[in-house]
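Coordinate inspection notes
One-letter residues, chain by chain:
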Amino acid sequence: MTVNAPRGMPDILPGEIGRWHAVEARVRDFARRFGYREIRTPAVEHTEVFQRAVGSGTDIVDKEMYTFTDRGGRSLSLRAEGTAPVLRAFLEHNLGAGGLPVKLYYICPIFRYDRPQAGRYRQHTQFGAECIGAAEPAADADVLSLAVRLVQSLGLVRFEVHLSSVGDEVCRPGYTAVLREYYRPHLADLCEDCRRRFEVAPLRLLDCKREHDRRIARQAPRMLDHLCDPCRAHLNGVRAHLDAMGVAYTIDPLIVRGLDYYTRTAWEAVSETLGAQNVIFGGGRYDGLAGQLGGRPTPGVGFGMGLERLLLVLEQEGVALGGDPALDVYIATAGADATRALQLADRLRRAGIATDLEVTARGLRAQLKQADRLGARFALLLGEDEIRRGVATIREMATGAQDEAPLDALPDVLAARLRPEAIGKARG
RNA sequence: GUGGCCGUAGCUCAAGGGCAGAGCACCAGACUGUGGCUCUGGGGGUUGCGGGUUCAAGUCCCGUCGGCCACCCCA
């Protein structure tokens, strides 16, 4: 081993790519079913996009971004999060001009300089969906149901959606003050991190994992009890919609999202089988985000879903996904005439038949072994005898049954035998 | 960024100061034009990398890189 991939950025090898294709296909199908259109934004943004959207003071912006200065002296950052770039593009191209709401989705890599562990990578892939321009609770329920129905359709059972409201600019400041007053007498008992949180991010006090601090958190006043009337009505509206669709959730007052742009609705879907990194998708409403990015105030709601974690939990729960693409035909050459084998392969491929051929001229035994390994339905034998007579021997690998067909007729003959299961269809 | 455990063949793992091994995989032969089963043989390693201790280091020590697990944070 001389050089390896950067830390926390694993290769996805051919043996596992079938699982990715299966999940990505299902994601795109559900995005289509729910009326979302794909958007692709650059892998890098002006650093400012994330600073203004996610917020200085958050871990993502303060210590997890891949930030660099380009040759023109601009500060750029690898995409650290999915929603901010989409909103930036929405505003930049005035995508709302054609009428609101605009529903957009993406599948793209996200980069965060974090310490890798199970379910956490420095480059990971997110599927995200954003519904921009609708302030009503129905939009929240619509987006959230996309995520839930998608993972359910993949066979995921053991997960729970935790739902809450983080309030808005009207009620959150008041709640923060109440929370500080509650925590102030406990300050000496808290862990070091929590004493820091008390100053910079009091809401995250509720999220501490230490048992001692959790006990204090459980007794703390809750945002849900301090929502202003519009926020309360919004949450109740979302719940009513979800209930009507039969989308299950539990109200979890302790949910705290690590990004500053969230308002009102916030949710996390937590796996019961994953380790410490157990959030499969998380999201919520961000009515202030467009304004923070310098655009006209526009409400929005969306989520991000970690596809590596989704694959991980599906594997742990024993869900079977797509296998390798099947090979229809392998052309073996006994007597070594690469030109004729290539000509035949070319004709079969143009007829839509997945064809591989022998290019190393080894013994026939080894060639059939290769055909077997590749999972070919048929092996074609092209030897001196066959060439002289203008035919090829067709061997059905599963049974060993052999017959012959004229070279000219092979595309039709093979297509007919392959047709019952569509040509090139995935196996397994 | 902090802590713990671990890095030996393509893969899974032995060897715990004294000649680096096994199973699977790969290649070849038995079967001179026929895969899977069986048998026989073969190729493969700077023991992650660098330094140190020692007559002698996968083995002990230090550093570094990487993996896993947890903290933190998030998807």
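Residues numbered from 1 in each chain as written. Chains lettered and ligands numbered in written order. Predicted model: local features only at pLDDT ≥ 70, side-chain atom pairs only at ≥ 80, totals over all residues. Heavy atoms only, no water.

Here we look at the packing of aromatic side chains
For the structure shown, the criterion picks out 8 aromatic pairs. With a centroid separation of 6.3 Å and 25° between ring planes, the pair formed by Phe30 and Phe34 is classed as stacked. Side by side, Phe30 and Phe34 carry an identical accessibility label, which is buried. With a centroid separation of 5.2 Å and 85° between ring planes, the pair formed by Tyr182 and Tyr183 is classed as edge-to-face. Classification of Tyr183 as buried rests on a relative accessible area of 1%. Each residue in the set Tyr105, Phe127, Phe281 and Phe303 is aromatic and connected to the rest through ring pairs, giving one cluster. One Lys or Arg, Arg122, reaches over the ring of Tyr113 and ends 3.9 Å from the middle of that ring. When the ring centre of Phe198 is taken as origin, the NZ or CZ atom of Arg180, which lies over that ring, is 5.6 Å away. (Phe/Tyr/Trp six-rings, centres within 6.5 Å; stacked < 30°, edge-to-face > 60°. Buried < 20%, exposed > 50% of the residue type's maximum accessible area, 1.4 Å probe, protein only. Lys NZ or Arg CZ within 6 Å of the ring centre and 35° of its normal.)

Overview of the nonpolar core
Counting 69 residues, the largest nonpolar core has Phe127, Tyr183, Phe281, Phe303, Met305 and Leu310 as its most contacted members. The dominant element in this core, judged by the number of residues it contributes, is helix H5 (residues 137-153), at 9 residues. Sequence-distant contacts of Leu310, defined by excluding residues within four places in its chain, comprise Val23, Val151, Leu154, Leu156, Ile280 and Met305. Ranked by size, the runner-up nonpolar core spans 30 residues in total, among them Val49, Val102, Leu289 and Leu293. (Core = buried A, V, L, I, M, F, W, Y, C linked by side-chain atoms within 4.5 Å. Helix = DSSP H or I, 4+ residues; strand = E, 2+ residues; numbered from the N terminus. Contact = heavy atoms within 4.5 Å.)

What about the side chain of Thr263?
With respect to the element layout, Thr263 can be found in strand S9 (residues 263-271). According to the relative accessible area criterion, Thr263 is buried, its value standing at 10%. Within polar-contact distance, the side chain of Thr263 engages the backbone nitrogen of Asp287 at 3.0 Å. Among residues more than four places away in sequence, those in contact with Thr263 are Val166, Gly167, Arg172, Arg285, Tyr286, Asp287 and Gly288. (Polar contact = N/O pair within 3.5 Å; in protein donor to acceptor, adjacent residues only side chain to side chain.)

Quick look at the UniProt feature "binding site: L-histidine" (unreviewed entry) in chain A
Here the UniProt feature "binding site: L-histidine" (unreviewed entry) sits at Glu81, Gly82, Thr83, Arg112, Gln126, Glu130, Arg257, Tyr261 and Tyr262. Mapping Thr83 onto the fold places it in helix H4 (residues 83-92). Other than its neighbours up to four places away in sequence, Thr83 contacts Tyr106, Glu130, Tyr261, Tyr286 and Leu289. Within the element layout of this structure, Gln126 appears in strand S6 (residues 123-132). Other than its neighbours up to four places away in sequence, Gln126 contacts Tyr106, Ile107, Cys108, Ile110, Arg112, Gly304, Met305 and Gly306. (UniProt positions renumbered as here; feature names shortened; annotations may be inferred.)

Thoughts on the packing of H5 against helix H9 (residues 229-245)
Across the interface, H5 lies against H9 with an axial gap of 8 Å and an inter-helix angle of 45°. Considered as vectors, H5 and H9 are oriented oblique to each other. At the point where H5 passes H9, the crossing takes the right-handed sense. Here Pro137, Ala138, Asp140, Ala141, Leu144, Ser145 and Arg149 of H5 come into contact with H9, specifically with His234, Gly237, Val238, His241, Leu242 and Met245. (Axes fitted to C-alpha atoms, helices over the stretch in contact; angles between N-to-C directions. Parallel < 35°, antiparallel > 145°, perpendicular 65-115°, else oblique. Left-handed = near helix turned anticlockwise from the far one by under 90°.)

A short note on the confidence of the model for chain A
Averaged over every residue, the pLDDT of chain A is 90; residues scoring 70 or more account for 97%. This model gives residues 423-428 a pLDDT under 50, and the stretch forms 16 contacts once residues within four places in sequence are excluded. (pLDDT = per-residue confidence, 0-100.)

Quick notes on unusual backbone geometry
For the peptide bond that leads from Leu100 to Pro101, omega is -5°, which places it in the cis range. Even without being a glycine, Asn94 presents a positive backbone phi close to 50°. Positionally, Asn94 belongs in the loop between H4 and strand S5 (102-111).

Points about the sheet that holds strand S3 (residues 67-69)
Ordered in space as S2-S4-S3, the 3 strands form an open sheet in which the pairing is antiparallel. The sheet terminates laterally at strand S2 (44-46) and S3, the two strands that pair on one side only. For this sheet, the mean angle separating the axes of adjacent strands, direction not counted, is 35°. Summarising the sheet, S2 and strand S4 (residues 75-78) pair through 3 bridges and their orientation is antiparallel. (Pairing = 2+ DSSP bridges.)

Details of the pattern of salt bridges
On inspection of all chains with the given rule, the structure shows 23 salt bridges. Residue Lys63 is joined to Asp59 by a salt bridge in which the shortest nitrogen-to-oxygen separation is 3.7 Å. A residue pair is termed a helical-turn pair when its members lie 3 or 4 positions apart in one helix, as Lys63 and Asp59 do in helix H3 (residues 59-63) at 4 residues. Its relative accessible area of 38% is what places Asp59 among the partly exposed residues. The salt bridge involving Asp114 is made with Arg120; its shortest N-O contact spans 3.6 Å. Here the residues in one salt-bridge network are Asp385, Arg388, Arg389 and Glu404, joined through shared partners. (Salt bridge = Lys/Arg side-chain N within 4 Å of Asp/Glu carboxyl O.)

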